Amino acid sequence: MDFWSRIIGGSRSLSTKSPRATSPTERLTAFKRTCNTLQQIWRSTNSPSGEQAAITHTRTCIERLNSVLSDESRGPAPHPCLAYAASSQIFVTVTKLALSANDEAMLRSATVFFNTLIDSEVDGVVDNRLFARALVDLVRRADKHSEDVEGRLVELLFGIANNIRLQPTILPAWFAPRSDDQDLEREGSGGVEFAGAMRKDDFPLFYLLVEYVHHAGRAGDFARTGLLYLIETASRSKNLERWLIESDLATLMATGLGAFVSPNVDSESNVPHIIAHSDHAQQATALPPALGATIDSFMAYLLFWQDTIDHCKSAEVNATLLDHFQVLFLEQLLYPSLLESSDVEGGSTAAVLTYLYRILASIDQEDLVHRILHFLLASPADSTPKAEKNLNMSVSRRKSLDVLAAFSEEAARPSPSLFNLRDLALLGLQSSNLQTRLATLRLLSVILQRHPSFARSLIRTIPGHPAQQRTVGALNAELGQLLGLATSILSEPTLDDSFSNYLKDAGWMLESRLCIPPSNNPNNNPAEALPLELHQDDPIVHELLNSLDSFFTNSVIVNLALTEALMNIASSPLVALDGWLLVDPSKYRYSTSTATASSSSSSPDILEQIQLAYQEPSWSPGDAPTLTVILRRLVEQVQEWCHTVPDFDILVAARHDLLHYTDEPGGHSSVPEPVGRGSSSASLQTPQLGSDQGTFRGRQALRNLASSPQRSLVGSPLREPSIQPPASRASSESRFAAAEDLRQRLAQPFPVDAPHPTDQPARDPRTTEEDIGEGDEDPAILDEEPGSATLGHVLTNVVILYEFLLEISAMVQARGTVFGEAGYVGLGVGMAPPDEFLLSLSLSSSSSSSS
């Protein structure tokens, strides 16, 4: 047995050892004497359960056998006692005594005895049908009320499965399928035989493992691993491969997924730090829906599915499993649940979408992901003729497909071609229920982030319109505008370091998506792998942008999920930024002198070409990108508050510190690292359900801050000298009164609606471009009073907006370098500038725009 399985099996214990015999002959004599004693006990009574003395005596004998076998197996050959145990078939007697006694301690001793024989690799044990029958009877009929005994018994099955994997020649002792003649005789006698039939007598070891595959703890781990070993062996045994296809393996595994799906929705109990400082901290819908304990069992079983597909070397067994997964789970369970959860204003839709989110966030097996999203998004089917697909298909595989098709036709089911996941996502984004909107945003993000090859199935693009390359000067102009919006909200002393760290995270994200896995469509056009222009009338994009209109009154957690979804669209290599985030390069306007210089020189030198490439263009307000227009409108609203509320900028800075800095035990405020170690929307996001999935450096850092314990609003950032008077100039009573006044002020309603034009103060000179739209129109407010929120809630959302502007700016710059979307286009050089040079230019542009 291999070393790993020995480590797993190391939990079994040995009983007290008897004195070692002086020679192998004496040891064998003592061993035979003990075996004879056990046989006499069995012959003397068939019911030792009523005699405690007989039970104790039997257990002592089995432990004596264990001690002798253990000593002998650790020594050099020969091993006469192990050979005698195999030839005498004493294991049959041990099984009978252990089952009749109904004693937990005797069962433990019996499992040690069988494990010793399995590990010994002696001929006549694991390849013996009588041994197989004895072990199967022991596991099947033993009393398993004890979790320890259950784990020991399933460990025996795992040991056999591991031996079969290492030595497929022993498979006939455990696997005896019916022959073709027996199948024909069964059909002729009126019996019904079809793919998916239960055949427990053919392979009882397999079915015993299946019984425990859903269990938690050691028993479940042993069962799942053992079953994987048996499925892996199918590639080296045609009989086993055929049996797995025609048996109910795929049916049992697929229907087992439905045992854990539950529509119940709860809320997480721990309120993250950032949510605690919002208006929704005490609401039941302030957090993502929690699905209870069953979701953990479901995810464990789904990961077992993923491991099964990965370990199975038989293409036909794999295809059979995937077919059953699609028909029995996707088509008849998951998709109907999506349809039935049409209550987008309630909690059922949130529960089902969260289940799907957890599925897609956990698995990365390409075939499983393709089956799920290809079906739920109603992607175009493979155009390969069916006859061509069936050309090399075995008879067993065709039989399995025919029965599965008949079973599928009997169950009336709707088709995603009429209502698919994209339609449900659109309804979810339009819902006024907080949890439904949040679950929808999280689902969109996980598909765009982890499975980007399906991005265009969610976000529509214009076919045949690849993105145009812009010059370095145009990129700098765009970056200057975006960073200027951010710095007009908050003057951060560590901006250079923060932006540099944002840029590193953006580059890591883009590099991880450079190699997009194919969507399993052989007719994919290579040109379609280029970034295509976003369809401006796409309903999902329209709803995402509409949600920004009510940004300051939105729930904090919705804004975090919303900005993360937008960031995932911006980082997709299949979606261009032109038109919705950046200006279409064809709309740029250059100065007359630049155009004249370019046209008057037929062959300018390289230096002149570079100088022309760094010329920054301008553009008409009507050509401004959709997202940038909304972001500018939000920033202008913040600037108006800075003019109308004397200390609004100070409060924003204090809230920024409160959300990003932590207090040391000594009570002093500390800044462990720059704010830019994370990404705004995703970095401040609440902890995700399930396992962590490859988060970036900054995302992990600020996620920890987002989930840290609540702090008082009178924490160190709000007690800086710029806000609170020195201790020497005020008594403790006055400091307490000032803190209480500040707390009450932050909890007061704050008018978010833009003032009337006659009441507007003078516009900030930093934003002198043309007026781009009025205030919010019909915002989807989630607060009690539409159009308003508390001051503290607004401050938190202003900080999120600031972080999002930095993050989206870093993504624009990183794309220009990683994807080659900026360079010396049209000027004969054909190369992109170094990343460090772009960084210096963008930071200098932001500094000049904010000065």
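A quick note: this is a predicted structure, and the numbers were derived from the prediction, not measured. (Residues numbered from 1 in each chain as written. Predicted model: local features only at pLDDT ≥ 70, side-chain atom pairs only at ≥ 80, totals over all residues. Heavy atoms only, no water.)

A.B. asks: I'd like a description of the overall build of the chain, backed by residues and values.
C.D. replies: Assigned secondary structure in the chain consists of 36 helices and 10 strands. Out of the 851 residues in the chain, the part that is buried amounts to 54%. In the chain, the proportion of contacts linking residues at least 24 apart, taken out of those at least 6 apart, comes to 82%. Of the accessible surface of the chain, which amounts to about 36100 Å², a share of 52% is contributed by carbon and sulfur atoms. (Helix = DSSP H or I, 4+ residues; strand = E, 2+ residues; numbered from the N terminus. Buried < 20%, exposed > 50% of the residue type's maximum accessible area, 1.4 Å probe, protein only. Contact = heavy atoms within 4.5 Å. Areas by Shrake-Rupley, 256 points an atom, 1.4 Å probe, with all protein chains shown as cover.)

A.B. asks: I'd like to hear about the side chain of D103, residue by residue, with values.
C.D. replies: Looking at where D103 falls in the secondary structure, it is placed in the loop between α5 (90-101) and α6 (104-120). Within the structure, D103 has its side chain in polar contact with the backbone nitrogen of M106 (distance 2.8 Å). In this view, D103 contacts I55 and R59; residues no more than four positions away in its chain are not counted. (Polar contact = N/O pair within 3.5 Å; in protein donor to acceptor, adjacent residues only side chain to side chain.)

A.B. asks: If you had to explain the packing of helix α12 (residues 238-246) against helix α16 (residues 315-340) to someone new, which residues and values would you point to?
C.D. replies: The geometry of a pair of packed helices is captured by two quantities: the angle between their axes and the separation between those axes. The contact between α12 and α16 brings their axes to 9 Å, and the two run at 10°. The angle between α12 and α16 places the two elements in the roughly parallel class. Contacts between α12 and α16 involve E241, L244 and I245 on the former and, on the latter, E316, V317 and T320. Grouping the constituent residues of the contact of α12 with α16 by class yields 3 nonpolar, 1 polar and 2 charged. (Axes fitted to C-alpha atoms, helices over the stretch in contact; angles between N-to-C directions. Parallel < 35°, antiparallel > 145°, perpendicular 65-115°, else oblique. Nonpolar A, V, L, I, M, F, W, Y, C, P; charged D, E, K, R; others polar.)

A.B. asks: So what's going on with helix α10 (residues 204-211)? Which residues, and what values?
C.D. replies: Taking burial as the measure, the 8 residues of α10 include 7 buried ones, the bulk of the element. Regarding α10, the residues found buried are P204, L205, F206, Y207, L208, L209 and V210. Of the surrounding elements, those touching the buried residues of α10 are α7 (129-141), α8 (147-166), α11 (217-233), α12 and α13 (249-257).

A.B. asks: So what's going on with the packing of aromatic side chains? Which residues, and what values?
C.D. replies: Throughout the structure, instances matching the rule amount to 26 aromatic pairs. Note on F203 and F206: the rings are 6.0 Å apart at their centroids and 20° apart in plane angle, and the pair reads as stacked. Here the aromatic rings of Y588 and W619 are separated by 5.9 Å at their centres, their planes lie at 55°, and the arrangement is tilted. You can see Y588 sitting in the loop between α27 (556-570) and α28 (592-600) and its partner W619 sitting in the loop between α29 (606-613) and α30 (626-644), a full 31 residues away along the chain. The same class applies to Y588 as to W619, namely buried. Taken together, the aromatic side chains of F91, F113, F114, F131 and W174 make up a single cluster linked through ring pairs. The aromatic ring of Y229 is capped on one face by R165, whose charged end is 4.1 Å from the ring centroid. (Phe/Tyr/Trp six-rings, centres within 6.5 Å; stacked < 30°, edge-to-face > 60°. Lys NZ or Arg CZ within 6 Å of the ring centre and 35° of its normal.)

A.B. asks: I'd like to hear about the environment of P416, residue by residue, with values.
C.D. replies: Residue position: P416 is located in the loop between α20 (395-410) and α21 (421-430). Residue P416 is classed as buried on the basis of its relative accessible area, which comes to 7%. Separated by 81 residues in sequence, P416 and Y335 place their C-alpha atoms 8.0 Å apart. Every residue in contact with P416, bar those within four places of it in the chain, is listed here: Y335, F375, L376 and A378.

A.B. asks: Before we move on, could you go through the pattern of salt bridges and cite the residues and values that matter?
C.D. replies: Applying the stated criterion across every chain yields a total of 17 salt bridges. Among the salt bridges present, the one from R242 reaches E246, with a minimum N-O distance of 3.2 Å. Highlighted residues: R242 and E246, both in helix α12, separated by 4 residues, approximately one helical turn. By relative accessible area, R242 is classed as partly exposed at 29%. One network of salt bridges, in which partners are shared, links E104, R108, D148 and R152. (Salt bridge = Lys/Arg side-chain N within 4 Å of Asp/Glu carboxyl O.)

A.B. asks: Can you explain the state of the cysteines? Please cite residues and give values.
C.D. replies: Within this structure, the stated rule accounts for 0 disulfides. Cysteine C61 remains unbridged, with the sulfur of C35 as its closest cysteine sulfur at 9.5 Å. (Disulfide = S-S within 2.5 Å.)

A.B. asks: Describe the environment of L360, and please don't skip the residues or the numbers.
C.D. replies: Of note, L360 is situated in helix α17 (residues 348-362). Judged by relative accessible area, L360 falls into the buried class, the value being 0%. In this structure the C-alpha to C-alpha distance between L360 and V446, which are 86 residues apart in sequence, comes to 6.8 Å. Once residues within four sequence positions are removed from consideration, L360 is found in contact with I372, L373, L443, V446, I447, R450 and H451.

A.B. asks: Let's hear about α6: which residues, and what values?
C.D. replies: Taking 1.5 Å of rise per residue, the 17 residues of α6 would be expected to cover 24 Å, and the 25 Å separating its terminal C-alpha atoms lies within 8% of that figure. Within α6, 14 of the 17 residues are buried, which leaves the element mostly enclosed by the surrounding structure. A positive phi of about 60° marks E121, the residue just after α6. (Expected span 1.5 Å × (residues − 1).)

A.B. asks: Describe in detail unusual backbone geometry, supporting the description with residues and values.
C.D. replies: Leaving glycine out, the prevailing phi sign among residues is negative, and the prevailing peptide bond configuration is trans. The phi dihedral of Q89 falls on the positive side, at around 55°, and the residue is not glycine. Secondary-structure assignment places Q89 in the loop between α4 (80-88) and α5. You can call Q89 partly exposed: its relative accessible area is 30%. Positive phi, close to 55°, is recorded for A378, a residue that is not glycine. Judged by its relative accessible area of 32%, A378 is partly exposed.

By themselves these figures say nothing about function.
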